[in-house]
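# Analysis of the macromolecular model
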Amino acid sequence: MQKKFDISIKYPVILISVVISISGIRWMISPEPWILDQVANEERLAMTFNELFLIDGNDTLAAYLKQIYRFLGLYVFGTGLMLIVFACNKFFREKSFRNKYLFVLGFLLFTNILLAYFWIPSSHFIYIMWGAILLYLISLYNHYRLE
């Protein structure tokens, strides 16, 4: 029973959490993190980053963007790490804890996909989000089915 629980509920959530953590690390270590989603960002800006950086007064914009993305990466990494820690915890075996955990994770995933379609619809991150939602739905289905 424990192996079935791990495979059907716990492992999909851990995989989501690992991908979230890796995304955060990528934003923290990339020399130009805004380029990780360049097409969607430039579409949103209605100009290229080269054009943006050439505008008078924007000579410190690259450093500012790097700082903002570093903080974003830190919080994304921290969120993923926290999700991993709690999915591996003994509390995860308790239905009431899993209910809350899966509610919060679902809220994060579904609001992220809505915001992505609204703000950056051409982002390749949308495919990753759909993969995470699929894994989440597998966990959620098995959570209710096994109880």
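Structure: above.
The text that follows walks through the structure, step by step, so that each part is easy to find. (Residues numbered from 1 in each chain as written. Predicted model: local features only at pLDDT ≥ 70, side-chain atom pairs only at ≥ 80, totals over all residues. Heavy atoms only, no water.)

## Re the environment of G78
Defined as follows: Strands here are runs of E lasting at least two residues and helices are runs of H or I lasting at least four, both read from the DSSP assignment and numbered beginning at the N terminus.
Structurally, G78 can be placed in helix α4 (residues 61-87). Separated by 57 residues in the primary sequence, G78 and L135 place their C-alpha atoms 20 Å from one another.

## Points about the packing of aromatic side chains
Our working rule: Classification of ring pairs rests on two measures: the distance between centres of Phe, Tyr or Trp rings, Trp counted by its six-membered ring, which must be within 6.5 Å, and the angle between planes, read as stacked under 30 degrees, edge-to-face over 60 and tilted in between. For the exposure calls, accessible area comes from a 1.4 Å probe over protein chains only, and a residue counts as buried if that area is under 20% of its type's maximum, exposed if over 50%, partly exposed in between.
Per the counting criterion, the structure on display carries 10 aromatic pairs. Ring centres of F86 and F97 lie 5.9 Å apart, and the angle between their planes is 45 degrees; this geometry places the pair in the tilted category. Taken together, the residues span a long stretch of sequence, with F86 in helix α4 and F97 in helix α5 (residues 95-119) at a distance of 11 residues. Taking relative accessible area as the criterion, F86 reaches 31% and is therefore assigned partly exposed. A ring pair is formed by F92 and Y101, whose centres lie 5.1 Å apart and whose planes are at 85 degrees; its orientation type is edge-to-face. The class of F92 is buried, set by a relative accessible area of 1%.

## A look at the nonpolar core
Test applied: Put simply, buried Ala, Val, Leu, Ile, Met, Phe, Trp, Tyr and Cys residues joined by side-chain atoms within 4.5 Å make one nonpolar core. Residue contacts follow a heavy-atom distance rule, with two residues in contact if any of their heavy atoms lie within 4.5 Å.
Ranked by size, the top nonpolar core spans 31 residues in total, and within it V13, I16, F92, Y101, L105 and L109 carry the most contacts. For this core, the secondary structure elements donating two or more residues are α1 (2-29), α3 (49-54), α4, α5 and α6 (125-146). Residues contacting L109, with those up to four places away along its chain left out, are I16, A132, I133 and Y136.

## Description of the packing of α4 against α5
Defined as follows: Helix axes are fitted to C-alpha atoms over the stretch in contact, other axes to C-alpha atoms as well, and angles between N-to-C directions run from 0 to 180 degrees. Roughly parallel means an angle under 35 degrees; roughly antiparallel, over 145; roughly perpendicular, 65 to 115; everything else is oblique. By convention the crossing between two helices is left-handed if the near helix lies anticlockwise of the far one by an angle smaller than a right angle, and right-handed if it lies clockwise.
Direction vectors running N to C along α4 and α5 enclose 155 degrees, while the axes themselves pass 12 Å from each other. For the element pair α4 / α5, the angle class is roughly antiparallel. Along this stretch, α4 crosses α5, giving a crossing that reads as left-handed. Contacts between α4 and α5 involve T79, L83, F86 and A87 from the first element and F97, Y101, L105 and L108 from the second.

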